[in-house]
Amino acid sequence: AQTVTQSQPEMSVQEAETVTLSCTYDTSESDYYLFWYKQPPSRQMILVIRQEAYKQQNATENRFSVNFQKAAKSFSLKISDSQLGDAAMYFCAYRKTFYNQGGKLIFGQGTELSVKP
Amino acid sequence: EAGVVQSPRYKIIEKKQPVAFWCNPISGHNTLYWYLQNLGQGPELLIRYENEEAVDDSQLPKDRFSAERLKGVDSTLKIQPAELGDSAVYLCASSQRTGEGYTFGSGTRLTVV
C-alpha cells in the first residue's frame, strides 16, 4: 500500500524568506502523481503544485517549486519570498495514474506553516 | 463556473441522531469523492463514485454510513446513528474520469455532542 509521510508538524518562516516543507512517500509504482495542497482555515483544499513522476524536471509555479527525488521517494516544497497569505496547513498527496485505477488521493499528516511579519 | 458546493457548512447534532451531507460537483465531472478529515490529520477517502456507481467504498463504515449519487450528479452522505467519534470535517471533491480538474469543496464540519 502507498503511504505519504510529513515529518514536520509545524514550520515557521519570516516574511519574504524561504521555507522548505518535507515529504516522503512509499510506492511500488513507477508512474504516479504527487501534489502539494494548501488548506487555509476556510477548509477548502487548494492545489499548489503537481508533479508527474515520469517527468525528471521539477515543477515550478511562481514562488512555489518542488525538489522531486524519485529514487529517494522524496518530494519537498520550497516557498520563496514567503507572504502572510501563505500561512496555512500544507498537505503532500499521492495519486496513481488514471490507467492504473487512479483517483484516490493519499495524504500525509500535514505541516502547519506560520509566517511571521 | 461554480466550484464544488457542499452543505451545510456546519452541523451540530446529539449522538445517536442521524445526519446528512450534500455535495454538488462541478458540471461535467463524472467522478465524485467523499473524504473524512479528522482534526489535525490529512483527509482519507471514504467512497468514490464513477457516475452513479460506487467503485471504491472499502473505507466506508457500512454499519452506520451510507452514500448515494442518484443520476450521477449530486451526492448525499449519511450517518445513522452518529457517534462522538464521527466529529470531523467531511470533504467532497470531483474530477474528470482521468483525474484532471480535481477540485474540493469547503467541507462540512460535524460536531457530535
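For the structure, check the block above.
So, a few notes on the structure that sits alongside this text. (Residues numbered from 1 in each chain as written. Chains lettered and ligands numbered in written order. Predicted model: local features only at pLDDT ≥ 70, side-chain atom pairs only at ≥ 80, totals over all residues. Heavy atoms only, no water.)

### Here we look at the environment of Val55 of chain B
All names here are of chain B. Turning to its location among the elements, Val55 is positioned in strand E6 (residues 53-56). On the basis of relative accessibility, which here comes to 36%, the residue Val55 falls in the partly exposed class. Expressed as a C-alpha distance, the spacing of Val55 and Gly101, which sit 46 residues apart in the sequence, is 19 Å. Look past the residues within four positions of Val55 in its chain and what remains in contact with it is Arg48 and Glu50. (Helix = DSSP H or I, 4+ residues; strand = E, 2+ residues; numbered from the N terminus. Buried < 20%, exposed > 50% of the residue type's maximum accessible area, 1.4 Å probe, protein only. Contact = heavy atoms within 4.5 Å.)

### A few points about the interface of chain B and chain A
Across the contact, 25 residues belong to chain B and 18 residues belong to chain A. Of the roughly 1700 Å² buried between chain B and chain A on both sides combined, carbon and sulfur atoms contribute 48%. Among the residues chain B hides against chain A, the three largest losses belong to Pro43, Tyr102 and Phe104 of chain B. Together they make up 25% of the total. In this assembly, chain B and chain A are joined by one salt bridge. Here chain B and chain A share nine residue pairs in polar contact (both at pLDDT 80 or more) between them. Contributions of two or more residues to the side of chain B that touches chain A are made by strand E4 (31-37), strand E5 (44-50), strand E9 (88-95) and strand E11 (108-112) of chain B. Counting residues per element, the side of chain B that touches chain A draws most heavily on E4 of chain B, which supplies three residues. Grouping the amino acids of the side of chain B that touches chain A by side-chain chemistry returns nine nonpolar, ten polar and six charged. (Buried area = accessible area lost by both parts, 1.4 Å probe. Salt bridge = Lys/Arg side-chain N within 4 Å of Asp/Glu carboxyl O. Polar contact = N/O pair within 3.5 Å; in protein donor to acceptor, adjacent residues only side chain to side chain. Nonpolar A, V, L, I, M, F, W, Y, C, P; charged D, E, K, R; others polar.)

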